[in-house]
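# Descriptive analysis of the structure
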Amino acid sequence: MEKGAISRDDILKTLQEYDDLGAESFLSLYGFKPARKFLILHDGKEYDSKAVAGVAHKHSHGRALTWKELSGGVGHAVDWLKREGFQVGASRSPKWTRDELILACDVVAQNNWRGLSSSDPRIGELSNLLQLLAAYPPEQRATEYRNRNGAALKTLNIASFHPEYQGKPTNGGQLDREVLQDFLDRPAEMARAAELLREGLQSGELQPVPDLEDEDLDDDVSAPEGRVLYRRHRTRERNKGLRKKKIASVLKRGGTLSCEACGFDFAKVYGERGEGYIECHHVVPLHEAGEGTTKLADLALICSNCHRMIHRSAPWPTPAELRLLVLEQTSGGEACLPGPRLVTKAADA
């Protein structure tokens, strides 16, 4: 028997039956368990996606599918339902992102590393900020997504990982520990990052688009201050107008388009193809880079390899600091010799 040949009318009939029987009786009658990942969102109500898709099958094919005959996730039941125009959302809130944890950890830090209750007005403010941040697209947010209870629980999780915590352990994750440690190691910088993130979200100057597969932030990039501030940092670096002005300024002063960290010159290695090419790095750290105008003095000309090395781990070194590292690694204290250029995602800057 063909699977998947269900219509919108089949689904609407099933939703009506779901309403008439009630969720518990409907699931029991057809042998389904409550959805673990996805729910149908229709007319202000929620329905178990896998059960509805399976039962809807009976209207066109004479029998309902069993829970063993289809998957409730993306690629089966969810795709069927979306194909017929139904909105499908998450049944549970997704994992917390670093940006979200930075905002939560800052609240805990300001409360002397103690968790807060859901009735605390600061938790209300945090919950509102998390809604503005919108770290996940709508279809991945459960109904209770980052509500006051969830925000309060996360502050308790973070507080329980503090070295001086004396209570019972909670169910926080590894990323909770990492962000907490960042705040302990660099309190002023992380507090400033949280402040910039908070101010940007409240003013509307930061409007992050949910993108959990951001090509700019992979395993070889370290951005403890979060994805949102890092994206703004990369946007400034990729400003073509500023890059041209920076290059013109260097050439006008008689300089060359060589890397400020290692001395690599694209034109000397690649000839005409490399003429006029160099990448720009925004020297001002993420936690200091507010919404002010970027000055040419804030930019450094560096090669692709050095750009990647700067972004690889925190705290990010300045080009001058990276140059010292290069000199330490080369014999005779001379800058490294030009070599084959490593092609990286940073090369688009």
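Everything numeric here is computed off the predicted structure, so don't read it as measured data.

### A word on the overall build of the protein chain
Counting secondary structure elements, the protein chain contains 14 helices and 5 strands. When the 349 residues of the protein chain are sorted by exposure, 45% land in the buried category. Counting only contacts in the protein chain whose residues sit at least 6 apart along the sequence, the fraction spanning at least 24 positions is 68%.

### As for the packing of helix 1 (residues 8–21) against helix 2 (residues 23–30)
Two elements in contact, helix 1 and helix 2, have axes whose closest approach is 6 Å; the angle formed by their N-to-C orientations is 115°. Taken together, the axis directions place helix 1 and helix 2 in an arrangement best described as roughly perpendicular. Crossing hand, helix 1 versus helix 2: right-handed. Between helix 1 and helix 2, the residues in contact are T14, E17, Y18 and L21 and A23, S25, F26, L29 and Y30, respectively.

### Section: the confidence of the model for the protein chain
Detailed reading of the predicted model is not advised wherever pLDDT is low. Considering every residue of the protein chain, the mean pLDDT works out to 83; 84% of them sit at 70 or more. Here strand 3 (residues 87–90) stands out as the least confident element of the protein chain, with mean pLDDT 75; helix 5 (residues 98–110) is the most confident, with 96. When the criterion is pLDDT under 50, residues 333–349 qualifies, and its contacts beyond four places in sequence or with other chains add up to 43 contacts.

### Re helix 9 (residues 187–203)
Look at helix 9: 24 Å from first C-alpha to last across 17 residues, which is about the 24 Å you get at 1.5 Å a residue. After helix 9 finishes, the residue G204 shows a positive phi value of roughly 90°.

### Some points on the packing of helix 6 (residues 121–133) against helix 7 (residues 148–160)
Direction vectors running N to C along helix 6 and helix 7 enclose 105°, while the axes themselves pass 9 Å from each other. Taken together, the axes of helix 6 and helix 7 are roughly perpendicular relative to one another. Residues P121, I123, G124, L126, S127 and L130 of helix 6 pack against R148, A151, A152 and T155 of helix 7. Class assignment of the residues belonging to the contact of helix 6 with helix 7 gives a composition of 6 nonpolar, 3 polar and 1 charged.

### Re the nonpolar core
Judged by nonpolar contacts, the single largest core of 34 residues is most densely connected at L103, L126 and I158. Contributions of two or more residues to this core are made by helix 5, helix 6, helix 7, helix 8 (174–185), helix 9 and helix 10 (227–237). Among the elements that take part in this core, helix 5 stands out by supplying 7 residues, more than any other. What L103 contacts, discounting residues up to four positions off in sequence, is L126, L129, L130, L133, A194, L197, R198 and L201. Counting 23 residues, the second-largest nonpolar core is a separate cluster that includes Y18, L27, A51 and L81.

### Side note on the side chain of S160
Structurally, S160 can be placed in helix 7. Here S160 falls in the buried class, since its relative accessible area comes to 10%. Excluding its chain neighbours within four sequence positions, the residues that come into contact with S160 are Y165, K168 and T170.

Basis of the calculations
- Residues numbered from 1 in each chain as written.
- Predicted model: local features only at pLDDT ≥ 70, side-chain atom pairs only at ≥ 80, totals over all residues.
- Heavy atoms only, no water.
- Helix = DSSP H or I, 4+ residues; strand = E, 2+ residues; numbered from the N terminus.
- Buried < 20%, exposed > 50% of the residue type's maximum accessible area, 1.4 Å probe, protein only.
- Contact = heavy atoms within 4.5 Å.
- Axes fitted to C-alpha atoms, helices over the stretch in contact; angles between N-to-C directions.
- Parallel < 35°, antiparallel > 145°, perpendicular 65-115°, else oblique.
- Left-handed = near helix turned anticlockwise from the far one by under 90°.
- pLDDT = per-residue confidence, 0-100.
- Expected span 1.5 Å × (residues − 1).
- Nonpolar A, V, L, I, M, F, W, Y, C, P; charged D, E, K, R; others polar.
- Core = buried A, V, L, I, M, F, W, Y, C linked by side-chain atoms within 4.5 Å.

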